[in-house]
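Each chain is listed here by its residues.
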Amino acid sequence: MTEQDFTPKSQTSNVESASVKWESPSNIALVKYWGKRENQIPENPSISFTLSNCKTITELTYTKKEGTDFSFDVIFEGAKNAAFKPKIQIFFERVEGYLPFLRDYHFKIETSNTFPHSSGIASSASGMAAIAMNVMSLEKEINSTMTDDYFHQKASFLARLGSGSAARSIQGPVTFWGKNAVRDSSSDLFATPFGTTLHSVFDNYQDTILLVDKGSKPVSSTQGHNLMHGHPFAENRFLQASNNLSALVPIMETGALDDFIHLVELEALSLHAMMLTSSPYFILMQPNTLAIIHRVWEFRKETSIPLCFTLDAGANVHLLYPKQDIGVIHSFIKEELSGFCQSGQYLLDEVGRGAKKA
Ligand code: DP6
């Protein structure tokens, strides 16, 4: 597939107005995307768990209009929200070559998140995936012949142009994004599912997000990606991530949890090592992030229960563990780890199946 394959060839029907609603989950990377080229092409492949409970729900109402400007309103959690408009405007400009009908409609975009407003959880992945599914539904109305595979691939392609990691939120439970050595079907343009060889332990793997710092991040992901240009360790990091992904795939096929833990924690700390060694350097972890990591390591040593952590670009900690260990781990979180969270808050989530019509 090339980018040209996502430019519609013909318009088969004329659609006046309708509305459509999709919900899309967030995702958590196991091998991290950190560094990109022009047009949101990742420097290295990544792989993630698609989540289930942390999601964005977006309804798109479209009405045919005159004129050639983009026209849209954003309503966030019930109130008109001008702050989101520039993001959507940029998104529309980036994708209009692939959705030539965008200037023909006025859009009402009503959106909300299931996770708390200021939880420090980025909504860009779930939000961009939800809007991509909505505009694909409109394209399907116009060009009714498209296949399901094309629908998903193009939705992921469009979501990626909104926010790179959003590409991985369209499907689940585990997806790849970026050309890699282990799957011929993998692509830099869109995410693809892991497939049927995934070990069953990962079908319902748990993710509890410990909210260490609910404030906004001092350095955004986009700024962090940019700091990989000219980073002294960039080339080795991209190679390391590719090798880690190739090693992780057989581990996720056999369910070898000790090896899984080793690679996932190595990836989390390698991501933050890139931040520590950028110029300018920055630290997104907080003292309680480190306190939790140490406590997780002690717990694993004491109990041999396969609990591990990963981090995204922030201070919050994602705890990953098999469903069968929920009882002991939930008690541990409640009794010990919640003390390291802001207002004692954490979110219980698990691996999910991707975007769905709401
Ligand atoms: C650390 O997808 O948020 O979470 O493409 O600039 O929107 P943009 O960046 P974003 O970066 C995600 C970085 C990460 C790792 C990952 O999800 O793979």
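A brief look at the structure comes next. The structure presented is a predicted model; accordingly, all values stated were derived computationally and were not measured.

1. Quick word on the packing of helix α5 (residues 234-254) against helix α6 (residues 257-276)
Right, on to step 1. Where α5 contacts α6, the axes come no closer than 10 Å and their chain directions differ by 160 degrees. With respect to each other, α5 and α6 are oriented roughly antiparallel. At the point where α5 passes α6, the crossing takes the left-handed sense. Facing Arg237, Gln240, Ala241, Asn244, Ala247, Leu248, Ile251 and Met252 of α5, the residues of α6 in contact are Asp259, Phe260, Leu263, Leu266, Glu267, Ser270 and Met274.
Right, on to step 2. Each residue belonging to the contact of α5 with α6 can be placed in one class, and the counts come to 9 nonpolar, 3 polar and 3 charged.

2. Quick notes on the pattern of salt bridges
Right, on to step 1. Scanning all chains against the criterion turns up 14 salt bridges.
Right, on to step 2. The residue Glu265 makes a salt bridge to Arg300 at a minimum N-O spacing of 2.7 Å. Of this pair, Glu265 sits in helix α6 while Arg300 sits in helix α7 (residues 287-303), and the two are 35 residues apart along the sequence.
Right, on to step 3. Sharing partners across several salt bridges, the network here consists of Arg295, Glu298, Glu302 and Glu336.

3. Considering the sheet that holds strand β12 (residues 317-321)
Right, on to step 1. Taken in spatial order, the 4 strands line up as β11-β12-β10-β13 in an open sheet, and their pairing is antiparallel. Looking at strand neighbours, the two that pair on one side only are β11 (308-311) and β13 (346-350), the edges of this open sheet. Here the strands of the sheet are splayed against their neighbours by 25 degrees on average, with no regard to which way each runs.
Right, on to step 2. Strand direction decides the pairing type here: strand β10 (residues 206-210) and β13, joined by 5 bridges, are antiparallel. Across the sheet, residue Thr208 finds its bridge partner in β13, namely Leu348.
Right, on to step 3. Here α7 sits on the sheet in contact with β10, β11 and β12, set at roughly 155 degrees to β11.
Right, on to step 4. Contacting β10, β12 and β13, helix α8 (residues 326-335) runs over the sheet at an angle of about 160 degrees to β12.

4. Some points on the site of the ligand
Right, on to step 1. Taken together, 16 residues are adjacent to the ligand, and Tyr33, Lys36, Ser163, Gly164 and Ser165 come closest.
Right, on to step 2. With respect to the ligand, the side chain of Tyr33 contributes an N or O atom lying 2.6 Å from an oxygen atom.
Right, on to step 3. Surface burial for the ligand is 91%, taken as the share of its 460 Å² of free accessible area covered by protein chains.

5. Topic: the packing of helix α1 (residues 85-95) against helix α3 (residues 148-162)
Right, on to step 1. Where α1 meets α3, the axes come as close as 9 Å, and the angle between the chain directions of the two elements is 130 degrees. The angle between the axes of α1 and α3 places the two elements in the oblique class. With respect to the hand of their crossing, α1 and α3 are arranged in right-handed fashion. The segment α1 lies against α3, with Phe91, Arg94 and Val95 engaging Leu158, Leu161 and Gly162.
Right, on to step 2. Its residues assigned to classes, the contact of α1 with α3 comprises 4 nonpolar, 1 polar and 1 charged.

Rules of the game
Residues numbered from 1 in each chain as written. Predicted model: local features only at pLDDT ≥ 70, side-chain atom pairs only at ≥ 80, totals over all residues. Heavy atoms only, no water. Axes fitted to C-alpha atoms, helices over the stretch in contact; angles between N-to-C directions. Helix = DSSP H or I, 4+ residues; strand = E, 2+ residues; numbered from the N terminus. Parallel < 35°, antiparallel > 145°, perpendicular 65-115°, else oblique. Left-handed = near helix turned anticlockwise from the far one by under 90°. Contact = heavy atoms within 4.5 Å. Nonpolar A, V, L, I, M, F, W, Y, C, P; charged D, E, K, R; others polar. Salt bridge = Lys/Arg side-chain N within 4 Å of Asp/Glu carboxyl O. Pairing = 2+ DSSP bridges. Near = heavy atom within 4 Å. Polar contact = N/O pair within 3.5 Å; in protein donor to acceptor, adjacent residues only side chain to side chain. Areas by Shrake-Rupley, 256 points an atom, 1.4 Å probe, with all protein chains shown as cover.

From the geometry alone we can't say anything about function, so treat these as descriptive.
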